[in-house]
Amino acid sequence: AKYAKDINSDPNFNVLSYISSHDTKLFFGDYQDVALQRRVANSFMMLPGGVQIYYGDESGRGLMKDDGVFDQAMRSDMNWSELASGEKAELVKHWQKLGQFRNKHPAIGAGTHAKIADTPYTFSRVRGNDKVVVAFGASGAQTISVGSIFADGTTVRDFYTGSTATVSGGKVSLTAGGVVLLEAAK
């Protein structure tokens, strides 16, 4: 589509994406399914354009009891008691890490997108000198293609795990935690 080549290149149109709002419904699928919540966070936080996080999206907050008022259930209390430790606390940390990477790299929201590989699904975003490679569905020992984004001999860092690797043959080998967020190591 239009934005596959130049994300947000139209000065009269900008994308704002959201998962949930008080006017629609909460995305929670099965809000107790933390693995699903993590996958949704990966995709959502790497979308082009702007992203709007509705409170509780980052913590798998569920609906309050439906009292017959359509949008009242979407305004449930924040699930603070679930966030002290455990899966929901780790889910919030996951969202935070993705948000920090997005904040650090304007190419995520406003760069040119190019698919690099199908398995794991890998793409690049480039905006000027800001270049990143992202891989979804990468767990355990992985070899990630970086296409022409990072030259052989370049040291890259997986922002998610903090590990570094050197590009060789257009690829890097590393241990992944479900998502890989590659940037040039400084």
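Look up: the structure comes first, before these words.
As the structure is a computational prediction, the values presented were derived from the model and not from experiment.

Chemist: Explanation requested: the packing of aromatic side chains in the structure shown.
Modeler: Aromatic ring pairs are defined here through the distance separating the ring centres and the angle between the ring planes. According to the stated counting rule, one finds five aromatic pairs in the structure shown. A centroid spacing of 6.4 Å and a plane angle of 20 degrees characterise the contact between Tyr-121 and Phe-136, whose relative ring orientation is stacked. Taken together, the residues span a long stretch of sequence, with Tyr-121 in strand E4 (residues 121-127) and Phe-136 in strand E5 (residues 130-145) at a distance of 15 residues. Three or more aromatic residues joined by ring pairs form one cluster here, namely Tyr-121, Phe-123 and Phe-136. Positioned above the aromatic ring of Phe-159 is the side chain of Lys-97, whose terminal nitrogen or guanidinium carbon lies 5.1 Å from the ring centre.

Chemist: Could you clarify how one ought to interpret the pattern of salt bridges in this entry?
Modeler: Per the counting criterion, the structure on display carries four salt bridges. Between Glu-90 and Lys-93 there is a salt bridge whose closest N-O contact spans 3.4 Å. Placement of both Glu-90 and Lys-93 in helix H3 (residues 87-104) is noted, with a separation of three residues, approximately one turn of the helix. Between Lys-104 and Glu-183 there is a salt bridge; the shortest N-O distance is 3.2 Å. Note that Lys-104 is positioned in helix H3 and Glu-183 in strand E8 (residues 171-184), a separation of 79 residues in sequence. Linked by salt bridges that have partners in common, Lys-104, Arg-157 and Glu-183 make up one network.

Chemist: Would you explain the packing of helix H2 (residues 34-45) against H3 in this entry?
Modeler: In a packed pair of helices, the relevant descriptors are the angle between the two axes and the axis-to-axis distance. Relative orientation of the contacting elements H2 and H3 amounts to 10 degrees, with a least axis distance of 10 Å. One finds that H2 runs roughly parallel with respect to H3. Residue-level contacts link Val-34, Gln-37, Arg-38, Ala-41, Asn-42, Phe-44 and Met-45 of H2 to Glu-87, Lys-88, Glu-90, Leu-91, His-94, Trp-95, Leu-98, Gly-99 and Arg-102 of H3. Classifying every residue of the contact of H2 with H3 by side-chain character gives seven nonpolar, four polar and five charged.

Conventions adopted
- Residues numbered from 1 in each chain as written.
- Predicted model: local features only at pLDDT ≥ 70, side-chain atom pairs only at ≥ 80, totals over all residues.
- Heavy atoms only, no water.
- Phe/Tyr/Trp six-rings, centres within 6.5 Å; stacked < 30°, edge-to-face > 60°.
- Helix = DSSP H or I, 4+ residues; strand = E, 2+ residues; numbered from the N terminus.
- Lys NZ or Arg CZ within 6 Å of the ring centre and 35° of its normal.
- Salt bridge = Lys/Arg side-chain N within 4 Å of Asp/Glu carboxyl O.
- Axes fitted to C-alpha atoms, helices over the stretch in contact; angles between N-to-C directions.
- Parallel < 35°, antiparallel > 145°, perpendicular 65-115°, else oblique.
- Contact = heavy atoms within 4.5 Å.
- Nonpolar A, V, L, I, M, F, W, Y, C, P; charged D, E, K, R; others polar.

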